[in-house]
Amino acid sequence: MKIYEKAPAKINLLLDVKRKREDGFHEVEMIMTMVDLADRLEMEELPRDTIIISSQAGYIPLDEKNLAFQAARLIKDRYNVRKGVYIHLDKKIPVAAGLAGGSSDAAATLRGLNRLWGLGISEEELCELGAELGSDVPFCVTGGTAIARGRGEKLERISNPPQCWVILAKPPINVSTADVYGKLRANELKQHPSTSDMLSAISSGSFAGVCTYLGNVLETVTLQLHPEVLQMKEIMQRLGADGVLMSGSGPTVFGLVSKEAKVSRIYNGLRGFCKEVYVVRMLT
């Protein structure tokens, strides 16, 4: 039997960091939603007790460094599964892009193996497992739109933002999330995005409000380290995107666009500066 799972990318409509905690993690408050750019995973049981991962992408690790591998090993160890699994990862989400591609692959692996092996694990338990793998994994297990607090594992589902086009542009650089958080001085941040204003805009279905209250404090670090991310934001704004923000720790920049007539102009304009540009919709 084969099991198939989609692993969609996420974007941060809002990312705030409250403080650095004693355990070394940062206390965050994020509003995240998913878009229809997705990896696809195919899982098949193996008779021998092993984990094998393959992918058409030549640039990702296929061993213990891969989050899907780690998710498979975690679920096998925790639930004493003595069977093996072959996972093929059809990669579409750019790597190290601030779109939670690896986290979403891990979440899809947890969901898929729960089904493949009939383990009956609740969504809440899957989220707890996911939190052991990474801060974005619990959200990727549940999907939808949510506020994430703590280090990302405390989730509160909220209504979906108004539907729109989302244009993603990833400059040809990779950004280390650990480096960005390491250089962030959370206690010295002068401005914080307003979670309450963003929530009001989403709940009232105000697209203009969502665009107004986009905010990400990690831009204070990434835009200084990588001026090309700032350039990408400025180009997207100049081309007419309604709201523009860096997702996660970057380097991907997204633009929210309400009118389809604008989409091809922005896409074509960005392609002159950047090879990896995607036009997608929010998953609502």
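For every chain, the first residue of the written sequence is number 1, and numbering continues from 1 onward in sequence order. Totals for whole chains, interfaces and linings use all residues, but because this is a predicted model, local features are given only for residues with pLDDT of at least 70 and pairs of side-chain atoms are given and counted only at 80 or more. As a rule here, side-chain values cover all heavy atoms of the structure and leave hydrogens and water aside.

The name recorded for the protein in an unreviewed UniProt entry is 4-diphosphocytidyl-2-C-methyl-D-erythritol kinase, from Paenibacillus albus. According to the UniProt record, the Pathway (unreviewed entry) comment for the protein reads "Isoprenoid biosynthesis; isopentenyl diphosphate biosynthesis via DXP pathway; isopentenyl diphosphate from 1-deoxy-D-xylulose 5-phosphate: step 3/6." UniProt positions are given in the numbering used here, feature names are shortened, and annotations may be inferred rather than shown by experiment. Quoted straight from UniProt, the Catalytic activity (unreviewed entry) entry for the protein says "4-CDP-2-C-methyl-D-erythritol + ATP = 4-CDP-2-C-methyl-D-erythritol 2-phosphate + ADP + H(+)".

Salt-bridge detection follows one rule: a side-chain nitrogen of Lys or Arg within 4 Å of a carboxyl oxygen of Asp or Glu. Scanning the model with the defined rule gives 19 salt bridges in all. Note that Lys 18 and Glu 29 form a salt bridge whose closest N and O atoms lie 3.7 Å from each other. Of this pair, Lys 18 sits in strand β1 (residues 2-20) while Glu 29 sits in strand β2 (residues 26-46), and the two are 11 residues apart along the sequence. Under the scheme applied here, a residue whose accessible area is under 20% of the maximum for its type counts as buried, over 50% as exposed, and between as partly exposed, the area being computed with a 1.4 Å probe on protein chains only. On the accessibility criterion, Glu 29 (13% relative accessible area) is buried. Its salt-bridge partner being Asp 49, residue Lys 76 comes within 2.4 Å of it at the nearest N-O pair. Taken together, the positions of Lys 76 in helix α1 (residues 67-78) and Asp 49 in the loop between β2 and β3 (51-55) put the pair 27 residues apart, joining distant regions of the chain. Taken together, the shared-partner salt bridges connect Asp 16, Lys 18, Glu 29, Arg 149 and Glu 156 into one network. A run of H or I in DSSP becomes a helix once it reaches four residues, and a run of E becomes a strand once it reaches two; helices and strands are each numbered from the N terminus.

Only the six-membered ring of Trp is used, alongside the rings of Phe and Tyr, when aromatic pairs are assigned; centres must lie within 6.5 Å, and planes under 30 degrees apart are stacked while those over 60 apart are edge-to-face, with the rest tilted. Counted by the stated rule, this structure contains 0 aromatic pairs. The ring of Phe 25 has Arg 151 sitting right over it, with the charged end atom 4.5 Å from the ring centre. For Arg 281, the ring lying beneath its charged end belongs to Trp 165, and the centroid distance is 4.3 Å. Here, a charge over a ring means that NZ of Lys or CZ of Arg falls within 6 Å of the ring centre while also lying within 35 degrees of the ring normal.

A few words on the UniProt feature "binding site: ATP" (unreviewed entry) in the protein. As annotated by UniProt and renumbered to match this structure, "binding site: ATP" (unreviewed entry) occupies Pro 94, Val 95, Ala 96, Ala 97, Gly 98, Leu 99, Ala 100, Gly 101, Gly 102, Ser 103 and Ser 104. Mapped onto the fold, Ala 100 is located in the loop between β4 (84-90) and α2 (101-116). Residue contacts for Ala 100: discarding those within four places in its chain leaves Lys 10, Asp 136 and Cys 140. The topology assignment puts Gly 101 in helix α2. On the basis of relative accessibility, which here comes to 7%, the residue Gly 101 falls in the buried class. Any two residues whose heavy atoms approach within 4.5 Å at even a single point are treated as in contact. Not counting the four nearest positions on each side in its chain, Gly 101 is found in contact with Asp 39, Lys 91 and Ile 93.

Residue ranges assigned to each domain were obtained from an automatic or database domain assignment. Per the domain assignment, the segments of the protein are domain 1 (2-157) and domain 2 (165-281). Distance from the C-alpha centre of domain 1 to the C-alpha centre of domain 2: 23 Å. Counting from both sides, the interface comprises 25 residues of domain 1 and, opposite them, 36 residues of domain 2. By convention, the term buried area covers the 1.4 Å-probe accessible surface removed from two parts as they join, with the contributions of both added. Summed over both sides, the interface of domain 1 with domain 2 buries roughly 2,400 Å², with 65% coming from carbon and sulfur. Of all residues in domain 1, Leu 13, Leu 14 and Leu 15 bury the most surface against domain 2, accounting for 23% of the area lost on that side. Counted as a polar contact is a pair of N or O atoms within 3.5 Å, where, for protein atoms, one must be capable of donating a hydrogen and the other of accepting one, and residues adjacent in sequence contribute only when both atoms are in side chains. Inspection of the region where domain 1 meets domain 2 yields 11 residue pairs in polar contact (both at pLDDT 80 or more).

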